[in-house]
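Topology and contacts: notes
So the chains spell out like this:
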Amino acid sequence: DDSIARAELEGFVTALTSDGFVLGGQAVRTSASTTYEGGTSAEVVVGAKLEVEGSLSGGVLVASKVSWRDNLRIEADVASFDAGSGDVTLVGLNGLVVRVNALTELDKIAQPGDLAVGQHLRLKARPGLNGTVQALELELEVRDADSRIEFRAPVTARDAAAGKVEALDRGADD
């Protein structure tokens, strides 16, 4: 019998399947009874770092619980903020939209509506829907002018000959 009653695995989603996803090479099956912590089933995307709890049956991890883990670190100044949607864009990271909502833990700021252009943020995040980034923790850095930009994410592709790397489907020079 290749069944294990209790199994736990943490890793990166490498593919989506008709009944779940692949987590670091391990097939994971989800169902209507699977619970999600820190997101929804629709937010399971390639590149997301997840922890899955469940049982192993026939070589497949049958998920009872899926939890998100942050795998992105971002530090930059606010370029724009849309209070209606909670979308933030950051200086130097053109095209990257950071979603701030009920899943976001705030530090040194009372509410998302207090965000303003020019403020310096430190974020822990995860990939979100439609190429967005879901902020899990947002810290307002209160200090003198700091134009530092930091973006840490798992590399999803690398072209050594061209001197390029890609993270979150966004290219950058090595």
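Scroll up to find the structure.
Quick summary incoming for the structure in this document. Computed from a predicted model, the values in this text were never measured in an experiment.

**Some details on the overall build of the chain**
- Within the chain, the regular secondary structure consists of 0 helices and 16 strands.
- A buried classification covers 36% of the 174 residues belonging to the chain.
- At a minimum sequence separation of 6, the contacts of the chain that also span at least 24 residues come to 58%.
- Within the structure as shown, the chain displays about 9300 Å² of accessible surface, and the carbon and sulfur contribution to it stands at 49%.

**Focus on the pattern of salt bridges**
- Summed over all chains, the structure comprises 11 salt bridges.
- A salt bridge links Asp70 to Arg73, with the nearest nitrogen and oxygen atoms 2.3 Å apart.
- For Asp70, a relative accessible area of 23% gives the class partly exposed.
- Between Lys108 and Glu139 there is a salt bridge, with the nearest N and O atoms lying 3.0 Å from each other. Here the residue Lys108 occupies a position in the loop between β10 (105-107) and β11 (120-127), and Glu139 occupies one in strand β12 (residues 133-141), the gap between them amounting to 31 residues.
- Under the relative-accessibility criterion, Lys108 is labelled exposed at 53%.

**Describing the nonpolar core**
- Counting residues in each nonpolar core, the largest one holds 19 residues, and the members touching the most others are Val88, Leu90, Leu121 and Leu123.
- The set of elements that each furnish at least two residues to this core consists of β7 (72-82), β8 (87-90), β11 and β12.
- Dropping the residues within four chain positions of it, Leu90 is found in contact with Ile74, Ala76, Asp77, Val78, Ala79, Leu96, Val98, Leu121 and Leu123.
- Counting 15 residues, the second largest nonpolar core, distinct from the first, contains Val13, Val28, Leu50 and Trp68.

**Describing the pairing of β12**
- Most of β12 is tucked away, with 8 of its 9 residues classed as buried.
- By the bridge criterion, 2 bridges tie strand β9 (residues 97-99) to β12 in an arrangement that is parallel. Across the sheet, residue Arg99 finds its bridge partner in β12, namely Gln134.
- Bridge count between β10 and β12: 3 bridges; the pairing is parallel. Bridge pairing in β12 places Asp107 opposite Glu139.

**Focus: unusual backbone geometry**
- The backbone of Lys108 sits at a positive phi, close to 70°, despite the residue not being glycine.
- At Asn130, a position not held by glycine, the phi torsion is positive, near 55°.
- Within the fold, Asn130 resides in the loop between β11 and β12.

Reading guide: rules and limits
Residues numbered from 1 in each chain as written. Predicted model: local features only at pLDDT ≥ 70, side-chain atom pairs only at ≥ 80, totals over all residues. Heavy atoms only, no water. Helix = DSSP H or I, 4+ residues; strand = E, 2+ residues; numbered from the N terminus. Buried < 20%, exposed > 50% of the residue type's maximum accessible area, 1.4 Å probe, protein only. Contact = heavy atoms within 4.5 Å. Areas by Shrake-Rupley, 256 points an atom, 1.4 Å probe, with all protein chains shown as cover. Salt bridge = Lys/Arg side-chain N within 4 Å of Asp/Glu carboxyl O. Core = buried A, V, L, I, M, F, W, Y, C linked by side-chain atoms within 4.5 Å. Pairing = 2+ DSSP bridges.

By themselves, these observations are geometric and do not establish any function.
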